[in-house]
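Descriptive structure summary
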Amino acid sequence: MKIKFIVTVTLLLVFNALQAQPPMRGGAGMGQSGRFYGKIVDEASGKGLDAATVTLVSAVFDRATRTRKDSIVGGFLTNANGDFSIENVPFMGDYSLQVSAIGFKGYKEKVSFLTPEMQQKLMAAFAEMGKQQQGKDAKPAPNPMEIIRNAVGGDMSKMAALADKDLGNIKMKADAKMLDNVTVTGSRPAMTLQVDRRVFNVDKTLSASGSTAIDIMRQIPSVNVDIDGNVKVRNATPVLFVDGRPTTLTLEQIPADDIQSVELITNPSAKFDASGGNAAILNVLLKKNKKPGYNGTIRAGIDSRLAPNFGGDIAFRQGKINAFANASFNARKTYSWSDINTYYYPSGNTPGSIIDQDIKNISTGYFGFGRAGFDFLADNRNTFTFSGSYVRGQFNTDETNRMRYDTFYNPIKKETGIRETDADRFFRNAGVSVAYKHLFAKPGQELTADVNWNDASSGGESNFNNQMFNADLSPKDRPLIQKTTSDGGSNFLVAQTDFANPIKKDLKLEAGLRGQVRTFITDNLNYIYDYNLGDYVLRESISANYEFTDRVYAAYTTITGKAGKLGYNAGLRAESSNYDGELKSADSSFSVDFPLSLFPSAFLSYAVNDNSDVQFNYSRRVQRPNFFQLIPFIDYTDPLNLSVGNADLSPEFTNSFEANYTRRFNNNHNILISGYYKYTTNLLTRYQYKGLNPVTGDSAIYNTWVNANSSTSYGIEFTSTNKLSKRFDMITNANFYNASINSENLEQDLNNSQFSFFVKATMTYKMGKNNDWTWQLNGDYQSKTVLPVGGSGGFGRGPFGGNQAAGSNGFVNPNYGIDLSVKKDIIKAKNAPGYRGSLTLSVNDVLRTRIYDASTSSDFFVQSLQRRRDPQIFRLQFQYRFGKMDTSLFRRKNMKGEMEGMREGMQGM
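Basis of the calculations
Residues numbered from 1 in each chain as written. Predicted model: local features only at pLDDT ≥ 70, side-chain atom pairs only at ≥ 80, totals over all residues. Heavy atoms only, no water. Helix = DSSP H or I, 4+ residues; strand = E, 2+ residues; numbered from the N terminus. Contact = heavy atoms within 4.5 Å. Core = buried A, V, L, I, M, F, W, Y, C linked by side-chain atoms within 4.5 Å. Buried < 20%, exposed > 50% of the residue type's maximum accessible area, 1.4 Å probe, protein only. 1 Å grid on protein atoms, 1.4 Å probe; cavity = no way out; pocket = protein on both sides within 12 Å on 5 of 7 lines; lining within 4 Å. Points joined across faces, edges and corners; volume = space filled by probe spheres on them. Nonpolar A, V, L, I, M, F, W, Y, C, P; charged D, E, K, R; others polar. Pairing = 2+ DSSP bridges. Axes fitted to C-alpha atoms, helices over the stretch in contact; angles between N-to-C directions. Salt bridge = Lys/Arg side-chain N within 4 Å of Asp/Glu carboxyl O. Phe/Tyr/Trp six-rings, centres within 6.5 Å; stacked < 30°, edge-to-face > 60°. Lys NZ or Arg CZ within 6 Å of the ring centre and 35° of its normal.

1. Let's talk about the overall build of the chain
- Secondary structure assignment for the chain yields seven helices and 44 strands.
- If you take every contact in the chain between residues at least 6 apart in sequence, the share linking residues at least 24 apart comes to 69%.

This is the structure:
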């Protein structure tokens, strides 16, 4: 026992002696440290992998457990070309190099600065040293440096060369497991396919830098975004989640640079909220550091309208704390132009009439976004997470609406007028999230719980000046002057808990509870200027004070398993809901209770072989009317096209079926083929009818929401990723579908059906010796299609959005567009390969072809709308990255403690 202890102490003395030596040539001191470096590459293409995690691990003795445990010695996040360099590594020792990258199998290799032959000589010398300490004739211990000199053949210059070791190219193999992540493209893939969702990595989207989440959505396959930011997936409006939970934020309130990835769930299982009807879920995942060390970015930019943006984020992990914070500021200046033409058919004694509107809109403003939080790792099995966000913005809108129209009430009046609008608005959104996660001793068994609270408010004042003109364009009477003030808000509280329990190796049971309460309040006051009084007079008949609350309570259970190549997931969700509203200005109210509803789901997947998989799934979902659809308040912003909610709406229910086939070809070419069918009853859709504007006394079209009989949507979708060369990548998406709406409950023979297709492509090309130039071209084409079922319902559009014509009896005509971006990596990193900074120049709608062109018709009118917004906007963006996976911040270097631990370990043998 004593001999072992002496040998151990001698080893430590050798280590300390080495540490005391002066640095050697080449920058690596034998006594100080050495360096491992190399390159991580894709085995199939030979291309370097960006952002692969390289970790160097060494086994050390743990005094508490009296066992040897892995300890991180150093780490590195590879640069864009795959290079890595781990410095300040103790020269003596055996290490394990571990590499991980998204979409690739893990890699592990034993590494050392000494060759195997040198290690054998060194170990033989130490063994001989131990023998010399035994017996009465024990000899003095030799000089440790002499032992090492002899082990390397007496040439100490070899030690200096060995201290700077090149590990060469480390080849990573693609991971193609169906029930985990199926890689659909190369290194740090732009898209990966999971069993129930597609994941898109945002860092591949150049044109969105310095913009908002809307521009991110423009680049994602399957997602269609119109010029006003209205988002559609397979011609239906998706539900927006942030970090896995519903949110009151809009896409224009989320900065693109704060997004890590976006998940598209085309057919959500019973585990998810059943709300959303026939639509998908878009889950926006915000950036959050999970690696030891610190990192962050600083960014700034400006567009061709001189609107600046700037921001930054920082994250660090130390000990039991993993913290993050980010903030950004975006100024906006938006131009839009609209032409609306309406023709009323003759009816009885009323001749046909025409209304023409030429509208120009300029919106200027800003919004700021801030977010911070931290994870507290109480111990190995309990983690608490706290986070908060705050968004604030305001904007001003100047709009001119030139009108030429004939009224359709006798006697016919031919009118010409200009309506000028000056509006100042603001919005605010604050949110807090608290989460808890407990890991049981049984692998895979866990309990999570979280509470999310969100409070939003908005308001402002709008002033309208309506001037009518005579035939000679001279002013007709004095202008009609209106003023509208509004103040509203919402409160959103969600509590949820989930439990997962692996019953056995290939069988897992999950269950959860969820409660949601949402409250909306709005107070809209309309005033007319009285020239006799010289002041504004409140018009109570067209004002509204409205409050709305809905509640949803749910429970679910799912079971997931695998039998050979077959994977399955079956689930059932139960939800009950009720909502009530009160129109305080009219002293009226309503309340609706919905009984318990069941929402089943089923998923099957089969791995045909290592390169192909098939999947089938089914789900039932519901879409409940939202606040904007229910509020019975008339919006007079456009006096000829009024909007009003419908408090008598009922929920719609959808049954969705989907089949997917995935095929991979040599890790360079992949294709995903999806077929889908959706049937919806009580469809929530827009509807238009004619009426009288109570303010002006003239004719107008009312846009409202109704329940149509049903809708059917089916189609086939192709998504492919192709690595055409080491420098050229391409992602292509094509969706061929038929959408139809049956509205015969509203009007006889009111049916709307159209075969359509949507195509989108993203091409990325790298140039330069170090691939430091990146070009990206994005294009999309939408053929003629029925107006999207369900409408936006307020989704996706922020304060800079515009109105979308819609109805169960309308079409959107073909439109297409191209975006172009180029990025140059700059500011080479010191003492490491790669770059720290980048400059990105982007331009949207290069050909000025993105025009929203829609038409609606009924038995009494036909209306067409053409709208253009913000074509050819150039944006220049700078970004600087900093950070280091610095394990020295978190490791104790108490050599005395380590020596005592080793001594205790030896004595326990």
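2. Quick look at the nonpolar core
- Among the nonpolar cores identified, the biggest contains 30 residues, and Met 217, Val 223, Ile 259 and Val 262 are the most heavily contacted of them.
- When residues of this core are traced back to their parent elements, those giving at least two are helix H5 (213-217), strand S11 (223-225), strand S12 (231-233), strand S13 (239-242), strand S15 (259-265), strand S16 (281-286), strand S20 (353-379) and strand S21 (382-406).
- At four residues, the largest contribution of residues to this core is made by H5.
- When residues no more than four places from it in sequence are discounted, the contact partners of Met 217 are Val 223, Val 225, Leu 251, Val 262, Leu 282, Val 284 and Lys 760.
- Listed in part, the 26 residues of the second largest apolar core include Leu 56, Ile 86, Val 111 and Met 172.

3. With respect to empty space enclosed by the protein
- Inspection of every chain in the model, using the stated rule, returns 14 cavities of 30 Å³ or more.
- The space that makes up the second largest cavity amounts to roughly 450 Å³.
- In terms of lining, the second largest cavity is formed by 27 residues, of which the most central are Asp 215, Arg 218, Asn 844, Asp 870 and Arg 875.
- Looking at the lining of the second largest cavity element by element, the count peaks at three residues for strand S19 (residues 321-344).
- Within the lining of the second largest cavity, the residues separate by chemical class into four nonpolar, eight polar and 15 charged.

4. Structural notes on the sheet that holds strand S4 (residues 83-89)
- The sheet built from three strands is open, its strands ordered S4-S1-S7 with mixed pairing. Each edge of the sheet is formed by a strand with only one pairing partner; in this case those strands are S4 and strand S7 (164-172). When the angles between neighbouring strand axes are averaged without regard to direction, this sheet yields 20°.
- Pairing analysis gives five bridges linking strand S1 (residues 34-42) to S4, with the strands arranged antiparallel. Across the sheet, the residue bridging to Gly 38 is Phe 84, located in S4.

5. Considerations on the pairing of strand S42 (residues 851-857)
- Direction of pairing for strand S39 (residues 810-812) relative to S42: antiparallel, over a ladder of three bridges. In the strand pairing of S42, Val 812 is matched with Ala 854.
- With seven bridges connecting them, S42 and strand S43 (residues 861-869) associate as antiparallel partners. Its bridge partner lying in S43, Asp 853 is registered against Gln 866.

6. Quick word on the pattern of salt bridges
- Considering all chains together, one arrives at 21 salt bridges under this definition.
- For Glu 510, the salt bridge identified is with Lys 271, shortest N-O distance 3.1 Å. With a gap of 239 residues between them, Glu 510 in strand S25 (residues 507-530) and Lys 271 in the loop between S15 and S16 connect regions that are remote in the sequence.
- Judged by its relative accessible area of 32%, Lys 271 falls in the partly exposed class.

7. Quick look at the packing of aromatic side chains
- Across all of its chains, the model carries 20 aromatic pairs by this definition.
- Ring centres of Phe 36 and Tyr 95 lie 6.2 Å apart, and the angle between their planes is 75°; on these two criteria the pair is classed as edge-to-face. Residue Phe 36 is found in strand S1, and its partner Tyr 95 is found in strand S5 (residues 95-100); the two are separated by 59 residues along the sequence. There is no split in this pair, since Phe 36 and Tyr 95 are both buried.
- One aromatic cluster is present, formed by Phe 718, Phe 736, Phe 757, Tyr 781 and Tyr 816 through successive ring pairs.
- The ring of Tyr 676 has Arg 234 lying over it, and the distance from NZ or CZ to the ring centre is 4.2 Å.
- Between Lys 483 and the ring centre of Tyr 536, over which it is positioned, the NZ or CZ distance is 4.5 Å.

8. Considering the side chain of Asp 273
- Relative to the helices and strands, Asp 273 is located in the loop between S15 and S16.
- Beyond its immediate chain neighbours, meaning those up to four positions away, Asp 273 contacts Arg 514, Gln 516, Arg 573, Glu 575 and Arg 621.

9. Regarding the environment of Asn 709
- For Asn 709, the position within the fold is in strand S34 (residues 699-723).
- On the basis of relative accessibility, which here comes to 34%, the residue Asn 709 falls in the partly exposed class.
- Spatially, the C-alpha atoms of Asn 709 and Leu 683 are 6.3 Å apart, while their sequence positions differ by 26 residues.
- With near-sequence residues (within four places) excluded, Asn 709 lies in contact with Thr 680, Thr 681, Asn 682, Leu 683, Asn 742, Ser 743, Glu 744 and Asn 745.

Fair warning: the whole summary comes from geometry, so function is off the table for now.
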